[in-house]
Each structure stands twice: as structure tokens, then as C-alpha cells.
Amino acid sequence: MFKDFIKEGAGVAYYPIISLVMMFVFFVALSVRALMYKKKELQEMAGIPLDKNHSINNETITSHE
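Rules used in this analysis
Along every chain, residues carry numbers that run from 1 in the direction the sequence is written. Per-residue local features of the predicted model are confined to residues with pLDDT of at least 70, and side-chain atom pairs are confined, for both listing and counting, to 80 or more; whole-chain, interface and lining totals are unaffected and use all residues. Side-chain figures throughout are based on the complete set of non-hydrogen atoms in the structure, without hydrogens or water. The secondary structure listing takes helices from DSSP runs of H or I that are at least 4 residues long and strands from runs of E that are at least 2 residues long, numbered from the N terminus. When accessible area is computed with a 1.4 Å probe and restricted to protein chains, residues below 20% of their type maximum are described as buried, those above 50% as exposed, and intermediate ones as partly exposed. Only the protein chains shown count as cover for residues, and the accessible areas themselves come from Shrake-Rupley with a 1.4 Å probe. Each patch is built from residues lacking any salt bridge and having more than 30% relative accessible area; the joining distance is 9 Å for like charges and 5 Å for nonpolar side chains (Val, Leu, Ile, Met, Phe, Trp, Tyr). Whenever Lys or Arg places a side-chain nitrogen within 4 Å of a carboxyl oxygen from Asp or Glu, that contact is recorded as a salt bridge.

A.B. asks: What is the right way to read the overall build of the protein from this model?
C.D. replies: In terms of regular secondary structure, the protein is built from 4 helices and 0 strands. When the elements of the protein are put in sequence order from the N terminus, they spell out α-α-α-α. The proportion of buried residues among the 65 residues of the protein is 0%. Counting every atom, the protein has about 6,700 Å² of accessible surface; 68% of that belongs to carbon and sulfur.

Below is the structure:
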């Protein structure tokens, strides 16, 4: 029953094409955004896990110890 619906459904052949285009656009946009970062911004983000003053939840983490 479901095989017949999928085979004979109107516009079903376009779903894989649409999903491929959406995935391609997403990853191209993600790649462009990653390439647009400046080196200084990347270095700041790389240091966030090690910086105690930058953590938002630093006070709640230290108060439970």
C-alpha cells in the first residue's frame, strides 16, 4: 500500500532533489561563515574554555563545590 502511494504520489520525485539542495545551501553558508571569521575572533573563542572570567555560569559552578 505505501509503496504504491510513494511511487504514484504527485511530486514525490522532487523531495530528494529539494532535500539535497537544502543541505548543499546549508553547508555552503556554514563554510562561508567559517571562512569569514577573523583570526583574532578564532583565538578569542579558542581561549573561552580556559578563561575563568569569561564563563557565564562560573559563580554557580564554584558555589556548589
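A.B. asks: I keep staring at a nonpolar patch on the surface and nothing clicks. Help me out?
C.D. replies: Nonpolar side chains collect at one region of the surface, where Tyr14, Tyr15, Ile17, Ile18, Val21, Met22, Phe24, Val25, Val28, Val32 and Met36 lie side by side and expose about 1,200 Å² of accessible area between them. Within the secondary structure, Ile17 sits in helix 2 (residues 14-36).

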